[in-house]
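# Structural features, examined
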Amino acid sequence: MRHFAAQAIAPADMAALLEAAVLAPSVGNAQPWRFVRLRTPALREALAGHVDAENARAASGYAQEGRREAYRALKLHGLREAPELLAVFCDDHATAGHGLGIATMPEMLRYSCVTAIHTLWLAARARGIGLGWVSILDPAAVTALLDVPPDWTLIALLCLGYPETPSDTPELERRGWQTREPLADRLFER
Ligand SMILES: Cc1cc2nc3c(=O)[nH]c(=O)nc-3n(C[C@H](O)[C@H](O)[C@H](O)COP(=O)(O)O)c2cc1C
């Protein structure tokens, strides 16, 4: 989901997606997710410029020329076009939940944020809205741009909007980068 139609997301739909996200399960019911909705055009451009620079760096990391060129041909974010951008952070010192469940695995707070993102993602798809997760970035740089409290960790930068061309096949599969692999190759028994 990197090619977005110009159609805006209705405010009621955007509100419904966020209301769905915060119903997600979380460790200790800590609800450690924090959403930052991008409202400032200059910030959007700063984020897009940053990701473009990191993307160019990632491309040069492919030693094999064919793979490098194939990578460069991919569109890997829609930060300039998507009608809505959301950054999702984890409050690593969330007081809600009173520490339940994180004594041995503090990372559970961050995994909880991913459940919220996935809930939002499914609620979006149910409305025909697409979501693109952008991870080709330096989290410290994005966190600094968004000026959030120091104990918030960046989990995701999300682009939301209606797909230009809806498809049930992942774009990376359509473009020959990577196919879906069979469940049998991913399931193990002990
Ligand atoms: C954790 C995570 C990180 C991702 N990062 C990126 C990314 O940086 N760039 C990108 O193009 N797709 C990324 N994706 C994949 C897209 O978000 C996903 O394939 C897309 O939204 C679905 O649309 P598609 O069917 O067109 O692939 C990421 C997905 C996940 C779950």
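Our subject is the structure listed above.
All figures in this text were calculated on a predicted structure; none of them were measured in a lab. (Residues numbered from 1 in each chain as written. Predicted model: local features only at pLDDT ≥ 70, side-chain atom pairs only at ≥ 80, totals over all residues. Heavy atoms only, no water.)

### Some points on the overall build of the protein chain
Within the protein chain, the regular secondary structure consists of six helices and four strands. Start at the N end of the protein chain and walk to the C end: the helices and strands fall as α-β-α-α-β-α-β-α-β-α. Taking 16 Å as the expected radius of gyration for a compact globule of 190 residues, we find that the protein chain reaches 18 Å, a close match to that expectation. With respect to the three principal axes, the spread of C-alpha positions in the protein chain is 50 × 50 × 35 Å. The burial tally for the protein chain puts 37% of its 190 residues in the buried class. Surface accessibility of the protein chain: about 10,800 Å² in total, with carbon and sulfur atoms responsible for 55%. When the 19 basic and 22 acidic side-chain charges of the protein chain are each reduced to a single mean position, those positions are 3 Å apart. (Helix = DSSP H or I, 4+ residues; strand = E, 2+ residues; numbered from the N terminus. Rg over C-alpha atoms; globule rule 2.2 N^0.38 Å. Buried < 20%, exposed > 50% of the residue type's maximum accessible area, 1.4 Å probe, protein only. Areas by Shrake-Rupley, 256 points an atom, 1.4 Å probe, with all protein chains shown as cover. Lys, Arg positive; Asp, Glu negative; His and termini not counted. Charge placed at Lys NZ, Arg CZ, Asp CG, Glu CD.)

### Focus: the packing of aromatic side chains
Overall, the coordinates contain five aromatic pairs when judged by the stated rule. Here Phe 89 and Trp 152 contribute two aromatic rings whose centre-to-centre distance is 5.8 Å and whose plane-to-plane angle is 45 degrees, an arrangement assigned as tilted. Here the residue Phe 89 occupies a position in strand S2 (residues 84-91), and Trp 152 occupies one in strand S4 (residues 152-161), the gap between them amounting to 63 residues. Under the relative-accessibility criterion, Phe 89 is labelled buried at 0%. Summarising the aromatic geometry, the rings of Trp 121 and Trp 133 are spaced 6.3 Å apart at their centres and angled 50 degrees between planes, so their arrangement reads as tilted. (Phe/Tyr/Trp six-rings, centres within 6.5 Å; stacked < 30°, edge-to-face > 60°.)

### What to know about the pairing of S4
Buried residues dominate S4, accounting for nine of its ten residues. As judged from the eight bridges shared by S2 and S4, these two strands associate in the antiparallel manner. In the strand pairing of S4, Glu 84 is matched with Leu 160. Examined bridge by bridge, strand S3 (residues 130-134) and S4 share five bridges and lie antiparallel to one another. Across the sheet, residue Val 134 finds its bridge partner in S4, namely Leu 157. (Pairing = 2+ DSSP bridges.)

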